[in-house]
Amino acid sequence: MDRTPPSSAAPCDASHRFRSELRGWRTRQGLTQRALAERVRFSRETVAAVESGRRYGSQEFAVRCDEVLGTGGRLAALWPQVAAEQLAADGRRGPRAGETPRADPDGAAPVHLRDARNPEAVVAAAIDELRELIGQVLGQPETGGPPRRSADQR
C-alpha cells in the first residue's frame, strides 16, 4: 500500500487514483484479490501488484475490472493518464529486465539503445515517444510539428 504522505504526493497521481479506485470497488463488491483475479482472468499476483503500485497493469486489465466490478468505465477512463505516468517512469529508469526493445516507427533504434553518451538525444527521443503515445491514447492526429530526426542528426 502506498504510504506517501499527502503533502509530498503529486497533485494528479493517476496511478494512485487508479489503485485506490480498484481497491475500493473490489472491497465494496466483497471480492478478495483472488476472486477478482479469477473473474478478470489475470493472476492474483497481478491484482495484488497493481493495487500495491508494484505494477501498472494494462488497459485490458482496467477494462476487464470495469466490467466485473460494474464501475461504469471509471478505471478505463483513468487509463490514459496512468499510461502516460508509466511511460514517463520507464523513461527515467530505462528498460525493465527481460523487456524486448521496441523499434520506433521510423526504424530508429529504441530510445534506450541509442547513444547513451548523448543524453540530450535520448531525452528528446523519449519526449517524442511520449507525445506520440499520448496522441494515440487520446485519439488525436499527430501535430504538424517538426519531423522526427534520428539520433545521428541531433
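Everything below is about the structure printed above this text.
All of these numbers come straight from a predicted model, not from anything done at the bench.

Here the focus is the packing of helix H1 (residues 14-28) against helix H3 (residues 44-52). H3 packs onto H1 with a crossing angle of 125 degrees between their chain directions and a minimal axis gap of 8 Å. Of the possible angle classes, the one that applies to H1 and H3 is oblique. When H1 is examined against H3, the residues Phe18, Arg19, Leu22, Arg23 and Arg26 are found in contact with a partner set consisting of Val50, Glu51 and Ser52. Among the residues forming the contact of H1 with H3, the class breakdown is 3 nonpolar, 1 polar and 4 charged.

With that settled, consider the environment of Val63. Position of Val63 among the secondary structure elements: in helix H4 (residues 59-69). Taking the C-alpha atoms as reference, Val63 lies 7.2 Å from Gly73; in sequence the two are 10 residues apart.

Let's shift gears to H1. Compared with an ideal rise of 1.5 Å per residue, which puts 15 residues at 21 Å, H1 spans 21 Å between its outermost C-alpha atoms and is within 8% of the ideal. Buried within H1 are the following residues: Ala14, Ser15, Phe18, Arg19, Glu21, Leu22, Gly24, Trp25 and Arg26. Downstream of H1 by one or two residues, Gly30 has phi in the positive range, about 75 degrees.

Here we take up the packing of aromatic side chains. Applying the stated criterion across every chain, the model contains 2 aromatic pairs. Considering the side-chain rings of Phe18 and Trp79, the 5.8 Å spacing of their centres and the 65 degrees angle between planes classify their relative orientation as edge-to-face. Of this pair, Phe18 sits in helix H1 while Trp79 sits in helix H5 (residues 74-93), and the two are 61 residues apart along the sequence. The burial state of Phe18 is the same as that of Trp79; both residues are buried. Relative to Phe61, the ring of Phe42 has its centre 5.2 Å away and its plane inclined at 90 degrees; by these criteria the two rings are edge-to-face.

With that settled, the discussion passes to unusual backbone geometry. Its identity as a non-glycine residue notwithstanding, Arg41 has a phi of 60 degrees, on the positive side. Its place among the elements puts Arg41 in the loop between helix H2 (33-40) and H3. Residue Arg41 is classed as exposed on the basis of its relative accessible area, which comes to 62%.

In this section: the pattern of salt bridges. In total, this model carries 4 salt bridges according to the counting rule given. The salt bridge involving Glu21 is made with Arg74; its shortest N-O contact spans 3.8 Å. Remark: Arg74 occurs in helix H5 and Glu21 occurs in helix H1; sequence separation between them is 53 residues. Glu51 serves as the salt-bridge partner of Arg23, at 3.7 Å between the closest nitrogen and oxygen. With Arg23 in helix H1 and Glu51 in helix H3, this pair connects stretches of sequence that are 28 residues apart. The exposure class of Arg23 is partly exposed, given its relative accessible area of 22%. According to the relative accessible area criterion, Glu51 is buried, its value standing at 2%.

Procedures and definitions
- Residues numbered from 1 in each chain as written.
- Predicted model: local features only at pLDDT ≥ 70, side-chain atom pairs only at ≥ 80, totals over all residues.
- Heavy atoms only, no water.
- Axes fitted to C-alpha atoms, helices over the stretch in contact; angles between N-to-C directions.
- Helix = DSSP H or I, 4+ residues; strand = E, 2+ residues; numbered from the N terminus.
- Parallel < 35°, antiparallel > 145°, perpendicular 65-115°, else oblique.
- Contact = heavy atoms within 4.5 Å.
- Nonpolar A, V, L, I, M, F, W, Y, C, P; charged D, E, K, R; others polar.
- Expected span 1.5 Å × (residues − 1).
- Buried < 20%, exposed > 50% of the residue type's maximum accessible area, 1.4 Å probe, protein only.
- Phe/Tyr/Trp six-rings, centres within 6.5 Å; stacked < 30°, edge-to-face > 60°.
- Salt bridge = Lys/Arg side-chain N within 4 Å of Asp/Glu carboxyl O.

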